[in-house]
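# Residue-level structural notes
One-letter residues, chain by chain:
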Amino acid sequence: MSLEKTAADYSDLLYKICIVMLRSEQDAQDVIQETFCKYLEKNPSFTDTEHEKAWLIKVAANRCKDLLRFRLRHPQVSIDTLADSLITNPDQHETFIELLELPLKQRTVIYLYYVEGYQVKEIAELLGISIWAVKKRMQRGREQLRVLWKEEWCR
């Protein structure tokens, strides 16, 4: 059976199973995609359509279980909860949220410099990059924050 026909026949069923197990639309879609990728990769032979259906359900269910185990071992904290626990001054809460939205490179150097109090040279040593790279990342990050703040003031 072709992938297109298989996906058309079983996507809804797999989606419902994954939604029930994961309670997350995005995670369910990811698991379905991974299931069909495994289907392409393994190219299994089936005795009939029920065998194929059972295989797809088993693969999707196993992937859901893997994802649930991962969540247990690696709990996530929402950005608001993180901000509440790290920021004592309520006026800084929104700024911290905006900082977390910066790209990783800029966010890291700005956090180390302004929040943790490291000097540019120390940040360069910690990250294994040049002093000029630290300065450029800080410049880009500050510029992105400036643009965000300017948009807020114009509202």
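This text gives an overview of the structure that appears in the document. (Residues numbered from 1 in each chain as written. Predicted model: local features only at pLDDT ≥ 70, side-chain atom pairs only at ≥ 80, totals over all residues. Heavy atoms only, no water.)

### What about the environment of His51?
Going by this rule: For the purposes of this entry, the term helix denotes a DSSP run of H or I that reaches at least four residues, the term strand denotes a run of E that reaches at least two, and both are numbered from the N terminus. Here the term buried applies to any residue with accessible area under 20% of the maximum for its type, exposed to any over 50%, and partly exposed to those in between, with areas from a 1.4 Å probe on protein chains only. Note on definitions: a residue-residue contact is assigned when non-hydrogen atoms from the two residues lie within 4.5 Å.
Along the polypeptide, His51 turns up in helix α3 (residues 49–73). Residue class for His51 comes out partly exposed when judged on its relative accessible area of 34%. If we ignore the near neighbours within four places in the chain, the residues touching His51 are Ser45 and Phe46.

### Let's talk about the packing of helix α1 (residues 3–22) against helix α2 (residues 25–42)
This is how it is decided: Geometry is summarised by axes, namely lines fitted to C-alpha atoms with helices restricted to the contacting stretch, and by angles between N-to-C directions that run from 0 to 180 degrees. Any angle that falls under 35 degrees is termed roughly parallel, while one over 145 is termed roughly antiparallel, one within 65 to 115 roughly perpendicular, and all others oblique. Left-handed describes a crossing whose near helix is turned anticlockwise from the far helix by less than a right angle; the clockwise case is right-handed. Nonpolar residues are Ala, Val, Leu, Ile, Met, Phe, Trp, Tyr, Cys and Pro. Charged residues are Asp, Glu, Lys and Arg, and all others, Gly as well, are polar.
Where α1 contacts α2, the axes come no closer than 9 Å and their chain directions differ by 140°. Comparing their axes, α2 and α1 come out oblique. Helix-helix and strand crossings are classified by hand; for α1 and α2 the assignment is right-handed. In this structure, α1 contributes Leu3, Thr6, Ala7, Ser11, Leu14, Tyr15, Cys18, Ile19 and Leu22 to the contact, and α2 contributes Glu25, Asp27, Ala28, Gln29, Val31, Ile32, Thr35, Phe36, Tyr39 and Leu40. The residue inventory of the contact of α1 with α2, partitioned by class, reads 13 nonpolar, 4 polar and 2 charged.

### Quick look at the environment of Glu98
Checked against the element boundaries, Glu98 lands in helix α5 (residues 93–100). Relative accessible area serves as the criterion here: at 7%, Glu98 is assigned to the buried category. Taking the C-alpha atoms as reference, Glu98 lies 9.2 Å from Trp149; in sequence the two are 51 residues apart.

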